[in-house]
Amino acid sequence: MSEHKHDLLVIGAGPAGYVAAIRAAQLGLDTGIVDKEEQLGGTCLRIGCIPSKALLESSHKYEDASKHFFSHGIEVSSVALNLKAMLKRKDKVVKTLTTGVAGLMKKNKVTVYHGSASFNSDKSVTIGGDTVKATNVLIATGSVPSTIPGINLADDLIDTSTEALSYDKVPEHLAVIGAGVIGLELGSVWRRLGSKVTVIEYLDRIMPGMDVELAKAAHKAFKAQGIEFMLGCAVQGVTSEKDGVTIDIKDAGPVKADRVLVSVGRKPNTEGLGLDKIGVTTNKRGQIEVGPRYKTNVDGVFAVGDVIPGPMLAHKAEEEGIACVEMIATGHGHIDYNTIPSIVYTHPEIASVGKSEEKLKGEGVDYKKGAFPFIANGRARANDNTEGWVKVLADAVSDRVLGVHIIGDSAGDLIAECATAMAFAASSEDIARACHAHPTLSEAVKEAALGVSGRAIHI
Ligand code: NAI
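Because the structure is predicted, anything quoted here is derived from the model rather than measured. (Residues numbered from 1 in each chain as written. Predicted model: local features only at pLDDT ≥ 70, side-chain atom pairs only at ≥ 80, totals over all residues. Heavy atoms only, no water.)

S.K.: Got a minute to help me understand the overall build of the chain in this structure?
M.R.: What the chain contains, in helices and strands, is 14 helices and 22 strands. Over its C-alpha trace the chain gives a radius of gyration of 23 Å, about what one expects of a compact globule, namely 23 Å for 459 residues. Along the first, second and third principal axes, the C-alpha set of the chain runs to 65 × 60 × 45 Å. Each charge class in the chain was averaged separately, 50 positive and 56 negative side chains, and the resulting centres sit 2 Å apart. (Helix = DSSP H or I, 4+ residues; strand = E, 2+ residues; numbered from the N terminus. Rg over C-alpha atoms; globule rule 2.2 N^0.38 Å. Lys, Arg positive; Asp, Glu negative; His and termini not counted. Charge placed at Lys NZ, Arg CZ, Asp CG, Glu CD.)

Pasting the structure below:
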């Protein structure tokens, strides 16, 4: 049993926590970080963003080789899937990156503790047999998959994203509950690898919250790829048998499948932290409510990332981690929540920043719109990847960009320019007048910005 003391102890080494720890160390705080997992990096690096992107890339290459190489004049006599090797590559990517985080902790002289942390008091935490004291404690414990009544995630063949990243064989029929980000990304992976995929969604649309025109275009693209959608269908329960699952749907017949992926959202992870012991309160959704400086209701205890309200996104969590420790160390820190992009890493890729048309209409904002299809972009033609478009929404009076929505190849990279422009309060004219290299997909962003004032050149 030993005792340690830090200026800051971060609980949780995901993107919120480990980034906060590095920034705190840069600012001169004696910093410790604790995680219950051996591998650092949290859900994102171990069982979320990174492994899913590794499989999305591998499965996309497989589909390209099987179906699209011929259009480039490449004839491949046979393409075979080696799932074991594909999963091994994914695991290697995860290992490299999580080891990298451990290296970053070392480089920045952040003390790493492994074990489950639980509060003794607001300034003291138990980790295994050790007591760690800190002037400030930052809770960055993330989120875990949630479920709905009638579905037991512990049952065999009823999976969360964690299991769906490691199936040892391609399911013949994979049912997916929820047409949100996880359902669409992992549904895409297994469809490309050969599964029949049925996505069952409660709402009458996919990708809730995203711009409706964008969601409709994505729905059409996924349907054309062979994903089956059952919209407006409320799942009431799943029974798991030895050789498959039966999904019970309100006012519709049951669906039988080999396995089911439950992707109906995630919930904050605060179990075992002992929050009640120190009086940190959570709201009805189990989230820790924080004030403007990410302060909880207990002095010296802060919270950021998926465990507090807001979108559950790694990059949002990172920004919060940085802003929080900057405020602790210097009194200043800042995030512009209106310029946090959302990306769905499917093919076509889908990316948004700022407000949707529906949101602007709901707020009574008078806006102008410019759109440009990739089919009219030279690089997209050269790449033989012409699906999708860019849409720029700007204030009708000031021309300030209020939202950008993109569906198409590299949408997730193209949105970065738009987020930066919005962070500097750019007008559509600003984007339109900036020189964009030719031939690049980014010219579609410029053309859409030109389109706001009816000046697009190539359409
Ligand atoms: P989600 O909140 O994105 O989507 C859940 C979907 O399930 C919704 O469309 C909802 O209407 C539906 N649903 C709920 N109950 C249902 C029922 N009884 N029957 C049928 N459908 C039902 O949740 P998801 O996809 O599980 O993702 C969890 C979190 O992880 C999200 O906050 C997401 O932003 C984040 N994430 C982000 C990624 C990214 O940025 N690319 C990738 C993966 C996850």
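S.K.: Honestly, the state of the cysteines in this entry has me stumped. Any pointers?
M.R.: Joining two cysteines, a disulfide is a covalent bond between their sulfur atoms. Scanning all chains against the criterion turns up zero disulfides. We note that Cys-435 lacks a disulfide partner, and the nearest cysteine sulfur, in Cys-418, lies 16 Å from it. (Disulfide = S-S within 2.5 Å.)

S.K.: Can you walk me through the side chain of Glu-447 in this structure?
M.R.: Its location among the elements puts Glu-447 in helix H14 (residues 443–451). Of note is the side chain of Glu-447, whose polar atom sits 2.7 Å from the backbone nitrogen of Ile-457. For Glu-447, the residues in contact, after removing those within four places along its chain, are Phe-372, Ala-456, Ile-457 and His-458. (Polar contact = N/O pair within 3.5 Å; in protein donor to acceptor, adjacent residues only side chain to side chain. Contact = heavy atoms within 4.5 Å.)

S.K.: What am I meant to see in the pattern of salt bridges here?
M.R.: Pairing between side chains of opposite charge can happen when the charged atoms of each approach one another. Summed over the entire model, instances satisfying the criterion amount to 20 salt bridges. With a shortest N-O distance of 2.7 Å, Glu-185 and Lys-53 are connected by a salt bridge. Here the residue Glu-185 occupies a position in helix H6 (residues 181–192), and Lys-53 occupies one in helix H3 (residues 49–68), the gap between them amounting to 132 residues. For Glu-185, a relative accessible area of 6% puts it in the buried group. Of the charged contacts, one joins Lys-391 and Glu-357 as a salt bridge, the two residues approaching to 2.7 Å between their closest N and O atoms. Taken as a pair, Lys-391 in strand S21 (residues 389–395) and Glu-357 in helix H10 (residues 357–362) lie far apart in primary sequence, 34 residues in all. Each of the two residues, Lys-391 as well as Glu-357, counts as buried. One salt-bridge network, held together by shared partners, links Asp-211, Glu-213, Glu-357, Lys-369 and Lys-391. (Salt bridge = Lys/Arg side-chain N within 4 Å of Asp/Glu carboxyl O. Buried < 20%, exposed > 50% of the residue type's maximum accessible area, 1.4 Å probe, protein only.)

S.K.: Help me understand unusual backbone geometry, please; the structure alone is not making it clear to me.
M.R.: Note on backbone geometry: most residues besides glycine have negative phi, and most peptide bonds are trans. Cis geometry is found at the peptide bond from His-347 to Pro-348, where omega equals 0 degrees. Relative to the helices and strands, Pro-348 resides in the loop between strand S18 (342–344) and strand S19 (349–354). Although it is not a glycine, Lys-109 sits at a positive phi angle of roughly 60 degrees. Looking at where Lys-109 falls in the secondary structure, it is placed in the loop between helix H4 (83–107) and strand S3 (111–114). A positive phi angle is found at Tyr-294, which is not glycine, with a value near 60 degrees.

S.K.: Looking at this structure, I do not really get the packing of H3 against H6. What am I missing?
M.R.: When two helices pack together, their arrangement is captured by the angle between the axes and the distance separating the axes. With their axes 9 Å apart at the nearest point, H3 and H6 run at an angle of 35 degrees to one another. Crossing angle aside, the handedness with which H3 passes H6 is left-handed. Touching Ser-52, Lys-53, Leu-55, Leu-56, Ser-59, His-60, Tyr-62, Glu-63 and Lys-67 of H3 are Glu-185, Leu-186, Ser-188, Val-189, Arg-191 and Arg-192, all from H6. (Axes fitted to C-alpha atoms, helices over the stretch in contact; angles between N-to-C directions. Left-handed = near helix turned anticlockwise from the far one by under 90°.)

S.K.: Would you take a moment to explain the domain arrangement of the chain for this structure?
M.R.: The domains assigned to the chain are domain 1 (2–145 + 267–335), domain 2 (158–264) and domain 3 (339–451). Distance from the C-alpha centre of domain 2 to the C-alpha centre of domain 3: 29 Å. Counting from both sides, the interface comprises 16 residues of domain 2 and, opposite them, 20 residues of domain 3. Connecting domain 2 to domain 3 are three salt bridges. Taken together, the links from domain 2 to domain 3 amount to six residue pairs in polar contact (both at pLDDT 80 or more). (Domains from an automatic or database assignment.)

S.K.: What is the right way to look at the packing of helix H1 (residues 15–26) against helix H9 (residues 314–330) in this model?
M.R.: The N-to-C vectors of H1 and H9 enclose an angle of 30 degrees; their axes lie 8 Å apart at closest approach. Regarding H1 and H9, the two cross each other, and that crossing is right-handed. Contact residues: Pro-15, Ala-16, Val-19, Ala-20, Arg-23 and Ala-24 in H1; Ala-314, Ala-317, Glu-318, Gly-321, Ile-322, Val-325 and Glu-326 in H9. Split into classes, the residues belonging to the contact of H1 with H9 amount to nine nonpolar, one polar and three charged. (Nonpolar A, V, L, I, M, F, W, Y, C, P; charged D, E, K, R; others polar.)

S.K.: Looking at this structure, how should I read H3?
M.R.: Note: α-helices contain 3.6 residues per turn, so residues at a spacing of three or four share the same orientation. Three or more residues of H3 are buried, namely Pro-51, Ser-52, Ala-54, Leu-55, Leu-56, Ser-58, Ser-59, His-60, Tyr-62, Glu-63 and Ala-65. Buried residues in H3 make contact with helix H2 (42–47), H4 and H6.

S.K.: Looking at this structure, I do not really get the site of the ligand. What am I missing?
M.R.: Residues in close proximity to the ligand total 23 residues, the closest being Ile-182, Glu-201, Val-235, Gly-265 and Ile-343. Here an oxygen atom of the ligand sits 3.5 Å away from a polar atom, N or O, in the main chain of Ser-263. Ile-343 has a polar backbone atom sitting 2.8 Å from a nitrogen atom of the ligand. When the free accessible area of the ligand is taken as 850 Å², the share hidden by the protein chains comes to 79%. Element by element, the count of residues in the shell around the ligand is highest for H6, at three residues. Taken together, the residues that form the shell around the ligand break down as 16 nonpolar, four polar and three charged. (Near = heavy atom within 4 Å. Areas by Shrake-Rupley, 256 points an atom, 1.4 Å probe, with all protein chains shown as cover.)

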